[in-house]
Amino acid sequence: NAGVTQTPKFRILKIGQSMTLQCTQDMNHNYMYWYRQDPGMGLKLIYYSVGAGITDKGEVPNGYNVSRSTTEDFPLRLELAAPSQTSVYFCASSYPRLAGSSYNEQFFGPGTRLTVL
Amino acid sequence: AQRVTQPEKLLSVFKGAPVELKCNYSYSGSPELFWYVQYSRQRLQLLLRHISRESIKGFTADLNKGETSFHLKKPFAQEEDSAMYYCALSGETGANNLFFGTGTRLTVIP
């Protein structure tokens, strides 16, 4: 299994450009997540999805959009890139967490380093 | 609101010395606490969780609800322990989401 894969590894955007960060997992996980990590900071949740067709906002969703048309894919869209979106983006996936049960381990991708100039 | 605090951005210890990475949290309910680790050129991965109460790679962490702490400890540091360590919290509600601290970079000096 490849686990969680992300493309591209690196990207430089100009202000105002748009792009899609791709994330695919082959573990048949229902849950998927997008995080961003700014220099010297922890990971912050942008969006998450508990299954195909269902997405929800995390802590820092502004400036981003997501879709979940299949179990495997969870792309993250930046419509109008801004310098504040310069960050490393991590995608993760996990099994569902049932009501009253413990957290299920999230498995992370290698990250996409995005610079907006 | 939940918060995870790791007061040390950088920590250096000599090989064979004890190491403690500090983590404090703020959460109104009963959270689950974790330590994640990222070795150089590797992915972020789960190191251990408080409910398991186990030792992984010689590391242990005890949840102290009175002090709201979850410090990571190892009695004898090894060079291969050099990595970035993140403390994280998952609440009792929600979709399995994690809240991360800012991380501590541990360097073990040979």
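Residues numbered from 1 in each chain as written. Chains lettered and ligands numbered in written order. Predicted model: local features only at pLDDT ≥ 70, side-chain atom pairs only at ≥ 80, totals over all residues. Heavy atoms only, no water.

### Digging into the interface of chain B and chain A
The figure often quoted for interface size is the accessible area lost as the parts come together.
And then number 1: Taken together, the contact pairs 23 residues of chain B with 27 residues of chain A.
And then number 2: When the two sides are added together, the surface that chain B and chain A hide from each other amounts to roughly 2000 Å², 49% of it contributed by carbon and sulfur.
And then number 3: At the junction of chain B with chain A, the criterion picks out zero salt bridges.
And then number 4: In this assembly, chain B and chain A are joined by eight residue pairs in polar contact (both at pLDDT 80 or more). (Contact = heavy atoms within 4.5 Å. Buried area = accessible area lost by both parts, 1.4 Å probe. Salt bridge = Lys/Arg side-chain N within 4 Å of Asp/Glu carboxyl O. Polar contact = N/O pair within 3.5 Å; in protein donor to acceptor, adjacent residues only side chain to side chain.)

### Focus on unusual backbone geometry
And then number 1: At the junction of Thr7 of chain A and Pro8 of chain A, the peptide bond is cis and its omega measures out at -5° in the coordinates.
And then number 2: Its location among the elements puts Pro8 of chain A in the loop between strand 1 (4-7) and strand 2 (10-13).
And then number 3: The phi dihedral of Asn28 of chain A falls on the positive side, at around 60°, and the residue is not glycine.
And then number 4: One non-glycine residue, Thr68 of chain B, lies in positive phi territory at about 45°.
And then number 5: You can call Thr68 of chain B partly exposed: its relative accessible area is 30%. (Helix = DSSP H or I, 4+ residues; strand = E, 2+ residues; numbered from the N terminus. Buried < 20%, exposed > 50% of the residue type's maximum accessible area, 1.4 Å probe, protein only.)

Distances and angles like these do not, on their own, reveal function.
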